[in-house]
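Residues per chain, in single letters:
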Amino acid sequence: VIGEGMTPPQKILFPPDKICMEWRQKRRPGAGLYNLGSTCYLNVILQCLTYTPPLANYLLSRHHSRFCDQQGFCMMCIMEAHVRKVLYSSASAIRPRAVIRDLRCKQFQVLRQVFFPSVRGERLTSFLVIGEFKPDIPGDAYEFLRCTLNAMQRACLSGSRNLDNSSQETTIIHQIFGGFLRSRVTCLNCKTVSDFYKVFLDVLLKIKGASSLSTALEDFVKPKQMDGKKFFKCSKCKKKVAASKMITVHHAPRVLTVCLGRADDRTSRKLSQVVEYPEYLDLRPYTSDPAGEPILYSLYAVVVHSGHTCLGGHFFCYTKASNGQWYKMNDVSVDSCGIHTVLGQQAYLLFYAR
């Protein structure tokens, strides 16, 4: 087996033993968030990150801001101030104006999905483009989550110089959300196996034809044929050959973030089918060592997109507060609900904690 992509870090930026997965402080749910234009997609991500226990514990400790020497825009400092304001506020709802004001900075760029008619006019073709954050333009919650985590990661690396890639993946962000995927490529000619490893902060699953999260995960790890334009250059055969590729979770993250891809690749239409998901998830069957001990996760947040197309609609979410109770968070409203309500949604993003 030839391995590539998993070299030990030369330096640990944040010790993993200092991460606390349980809430250090238990309290009632925090404030709702006003929609300041078209910011529902932003609100749901802010709420889900606020109720991510290990991240909230870290931000509430003010560890980052005490040592931050970054001039101007710092996403970690922004999130630290926001989480404290939400969880400690006596108001029923607050305006995330400080977050939006700071995100207008050119250093925070977002991915926007722009749709164009195809040449024949048969269907829409989508392109991801990078643009500045604008609160009055509708956005996608998953894209905003990825941009936010990347901006927080950059903030954690501020002041660090000449770090190898593996060391950069030991920040608090990667220690909480980061894991490794293994791509095992097998040459169908000589059977040589090559392993490639890639870090991830979330998993995007195809759900077309999937009735549940488990079936989508099974399809994700199922071996797939590489042929045609995807011929693999075998190191032993010294030529491009047909091969099979199997992706598995090689190192499981402390917090598993899953996006159920609801945009049809061919038509760009929304896939609205129900995809069942559990309150408790065992990730072990989808790992590189499926016969080991269970790797158990507990659901703590769900993002829902309502609407018939991916181009519009509305985002709201469900989060589990530190008191163990579930709440539906729909912009300014924060309402108590039961787990059966949470599990019955047309989910878009799922957040699970070890």
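Shown above is the structure to which this text applies.
Residues numbered from 1 in each chain as written. Predicted model: local features only at pLDDT ≥ 70, side-chain atom pairs only at ≥ 80, totals over all residues. Heavy atoms only, no water.

S.K.: I'd like a rundown of helix α2 (residues 53–60), residues and numbers included.
M.R.: For α2, the buried fraction is high: eight of the eight residues fall into the buried class. Along α2, the residues that are buried comprise P53, P54, L55, A56, N57, Y58, L59 and L60. At the C-terminal side of α2, R62 shows a positive phi close to 60°. (Buried < 20%, exposed > 50% of the residue type's maximum accessible area, 1.4 Å probe, protein only. Helix = DSSP H or I, 4+ residues; strand = E, 2+ residues; numbered from the N terminus.)

S.K.: Lay out the pattern of salt bridges in plain terms, naming residues and giving numbers.
M.R.: Summed over all chains, the structure comprises three salt bridges. One salt bridge connects R146 with D202, and the closest N-O pair in it is separated by 3.9 Å. Taken as a pair, R146 in helix α6 (residues 141–156) and D202 in the loop between β7 (193–200) and β8 (203–206) lie far apart in primary sequence, 56 residues in all. R146 sits in the partly exposed class, given a relative accessible area of 37%. The salt bridge partner of D195 is R184, with a shortest N-O separation of 2.8 Å. Separated by 11 residues along the polypeptide, D195 in strand β7 and R184 in strand β6 (residues 179–187) bring together distant segments of the chain. Judged by relative accessible area, which is 2%, D195 ranks as buried. (Salt bridge = Lys/Arg side-chain N within 4 Å of Asp/Glu carboxyl O.)

S.K.: A description of the nonpolar core should follow, citing residues and the corresponding values.
M.R.: In this structure, M76, A141, I172, I173, F177, V303 and L349 are the most contacted members of the largest nonpolar core, which totals 60 residues. Ranked by the residues each element gives to this core, the list is headed by α6, at nine residues. L181, L205, L217 and L283 belong to the second-largest nonpolar core, a separate cluster that totals 35 residues. (Core = buried A, V, L, I, M, F, W, Y, C linked by side-chain atoms within 4.5 Å.)

S.K.: Can you lay out the side chain of R84 for me, pointing to particular residues and giving the numbers?
M.R.: Mapped onto the secondary structure, R84 falls in helix α4 (residues 75–88). Here R84 sits buried without a salt bridge, and the closest side chain of opposite charge, E80, lies 6.2 Å off (N-O distance). Contacts of R84, omitting those with residues within four sequence positions, involve L60, R62 and S89. (Lys, Arg positive; Asp, Glu negative; His and termini not counted. Contact = heavy atoms within 4.5 Å.)

Interpretation note: all reported values are geometric properties and have no functional meaning in isolation.
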